[in-house]
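Fold and contact review
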Amino acid sequence: MKTFDLPDHLQPRRVKLRAELPPGQIHVDPTTFSLYLTRPDREAVRWMVGIGKPGLYEPGTYYVGRKARWPSWKPTPAMIKRDPAAYEKYADGMPGGVNNPLGARAIYLYDDRRGATMLRIHGTNKPGTLGRAVSHGCARIVNQQIIPFYDMVPMGTVVYLHNKPAEGSVPFLQEADPKKDPMGEFFRRLRGTA
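Cut-offs used in this document
Residue positions are given per chain, counting from 1 as you read along its sequence in written order. Predicted model: local features are reported for residues with pLDDT of at least 70 only, side-chain atom pairs are reported and counted for 80 or more only, and whole-chain, interface and lining totals are derived from all residues. Calculated side-chain values reflect all of the structure's heavy atoms, with hydrogen atoms and water omitted. Working definition: helices are DSSP H or I runs of at least four residues, strands are E runs of at least two. Numbering for both runs from the N terminus. Each aromatic pair joins two rings of Phe, Tyr and Trp (for Trp, the six-membered one) with centres within 6.5 Å, and gets the label stacked for planes under 30 degrees apart, edge-to-face for over 60, and tilted for any other angle. Each residue gets one of three labels from its accessible area relative to the maximum for its type: buried under 20%, exposed over 50%, partly exposed in between, using a 1.4 Å probe on protein chains only. Two thresholds decide whether a charge sits over a ring: the Lys NZ or Arg CZ must be within 6 Å of the ring centre and within 35 degrees of the ring normal. Two joining distances apply to patches: 9 Å for like charges and 5 Å for nonpolar side chains (Val, Leu, Ile, Met, Phe, Trp, Tyr), and every residue must have over 30% relative accessible area and no salt bridge. Areas reported as accessible are Shrake-Rupley estimates using a 1.4 Å probe. Residue values count occlusion only from the protein chains shown. By convention in these notes, a salt bridge is any Lys or Arg side-chain nitrogen within 4 Å of a carboxyl oxygen on Asp or Glu. Nonpolar cores were defined as sets of buried Ala, Val, Leu, Ile, Met, Phe, Trp, Tyr and Cys residues, with membership established by side-chain atoms within 4.5 Å. Should any heavy atoms of two residues lie within 4.5 Å, those residues are considered in contact. Only strands joined by at least two bridges in the DSSP assignment are considered to pair. pLDDT is a residue-level measure of predictor confidence that goes from 0 to 100.

With respect to unusual backbone geometry
- Here the phi dihedral of Phe33 falls at roughly 55 degrees; this positive angle occurs in a residue that is not glycine.
- Looking at the element boundaries, Phe33 is found in the loop between β2 (26-29) and β3 (34-39).
- The backbone of Asp41 sits at a positive phi, close to 60 degrees, despite the residue not being glycine.
- Here Asp41 lies in the loop between β3 and β4 (43-48).

Quick word on the packing of aromatic side chains
- On inspection of all chains with the given rule, the structure shows 4 aromatic pairs.
- Ring geometry for Trp47 versus Phe149: centroids 4.8 Å apart, planes at 70 degrees, classification edge-to-face. With Trp47 in strand β4 and Phe149 in helix α3 (residues 143-152), the pair connects residues that are 102 residues apart, well separated along the chain.
- What makes Trp47 buried here is its relative accessible area of 0%.
- Centroid distance Tyr63 to Tyr110: 5.9 Å. Interplanar angle 40 degrees. Geometry classified as tilted. With Tyr63 in strand β6 (residues 60-69) and Tyr110 in strand β7 (residues 105-111), this residue pair connects regions lying 47 residues apart in the sequence.
- Among the aromatic residues, those joined into a cluster by ring pairs are Trp73, Tyr87 and Tyr90.
- The aromatic ring of Tyr150 is capped on one face by Lys67, whose charged end is 4.3 Å from the ring centroid.
- The positively charged end of Arg105 is found above the aromatic ring belonging to Tyr150, 5.6 Å away from the centroid.

Things to note about a nonpolar patch on the surface
- On the surface, a cluster of nonpolar side chains totalling about 260 Å² of accessible area is made up of Met1, Trp70 and Val98.
- Relative to the elements of secondary structure, Trp70 occurs in the loop between β6 and α1 (77-82).

Thoughts on the pattern of salt bridges
- One pass over the structure, following the stated rule, counts 5 salt bridges.
- With its nearest N and O atoms 2.7 Å apart, the salt bridge here joins Glu58 to Arg114. Placement of Glu58 in the loop between β5 (51-52) and β6 and of Arg114 in the loop between β7 and β8 (115-124) is noted, with a sequence separation of 56 residues between them.
- Taking relative accessible area as the criterion, Arg114 reaches 35% and is therefore assigned partly exposed.
- Ionic pairing is found between Arg69 and Asp151, a salt bridge with its closest N-O pair at 3.5 Å.

Thoughts on the nonpolar core
- Counting residues in each nonpolar core, the largest one holds 31 residues, and the members touching the most others are Ile26, Leu35, Ile121 and Phe149.
- By size, the runner-up hydrophobic cluster in this structure holds 10 residues, among which are Ala68, Ile80, Leu102 and Ala106.

Describing the side chain of Thr38
- Note that Thr38 resides in strand β3.
- For Thr38, a relative accessible area of 3% translates into the label buried.
- Contact partners of Thr38, with chain neighbours within four places excluded, come to Leu17, Leu21, Pro22, Pro23, Gly24, Gln25, His27, Glu43 and Ala44.

Considering the pairing of strand β11 (residues 158-161)
- Residues Val159 and Leu161 point to one face of β11 and are all buried, whereas Val158 and Tyr160, pointing to the other face, are not buried.
- With 3 bridges joining them, β2 and β11 adopt parallel strand pairing. In the sheet register, Ile26 faces β11, and the bridge partner there is Val159.
- In this sheet, β11 lies alongside β6 in antiparallel orientation, the contact comprising 4 bridges.

Some remarks on the confidence of the model for the protein chain
- Per-residue confidence for the protein chain averages 86 on the pLDDT scale, and 85% of its residues sit at or above 70.
- Per-residue pLDDT stays below 50 along residues 181-194; that stretch engages in 22 contacts with residues further than four places along the chain or on separate chains.

In structure tokens form, the structure reads like this:
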């Protein structure tokens with residue numbers, strides 16, 4: 001699997017939360033293209049992600065209902081209808097692998113009303129899509145980061161895909177001081193530099 005030398009702003013980092021949130025939850029902020037895994041003491045780990053295109057990002061409350069390593073992928077009928085030239089050839093599916101759109105790992109999001117949804121948090125081999133609204137509704141993390149993230153997220157984890165906040169509102173997250181970060185070794189492992 002190819003790894004990428006990513007700039008600092010695309011690296012996972014510890015942040016301090018403005019509000020107390022229960023540990024072990026996932027929060028996706030579409031305004032900053034950030035995914036947060038909450039920890040105790042108003043802390044979280046932040047990953048930069050790509051999110052759903054306008055009209056395809058689906059705010060709501062979900063839970064992790066399935067996880068897969070090197071998952072197979074099949075475009076939805078809506079994807080094929082929107083762009084048949086790109087997706088019709090994959091109508092029968094695509095096996096897992098480095099060129100699969102779901103990447104090295106996929107975390108499948110479920111909700112209480114529908115059960116399985118078409119939403120996922122998954123890997124990508126296209127780091128240029130991080131920090132952009134490019135997907136068909138999913139959040140994507142570069143493959144070298146989704147692998148350790150996947151192992152940190154148990155089944156049943158609550159996932160919040162937040163709405164874009166009103167203009168001028170204060171974000172509920174704030175960066176921690178990286179000089180005081182006791183998790184340096186953890187992040188070096190995530191970055192593959194340990």
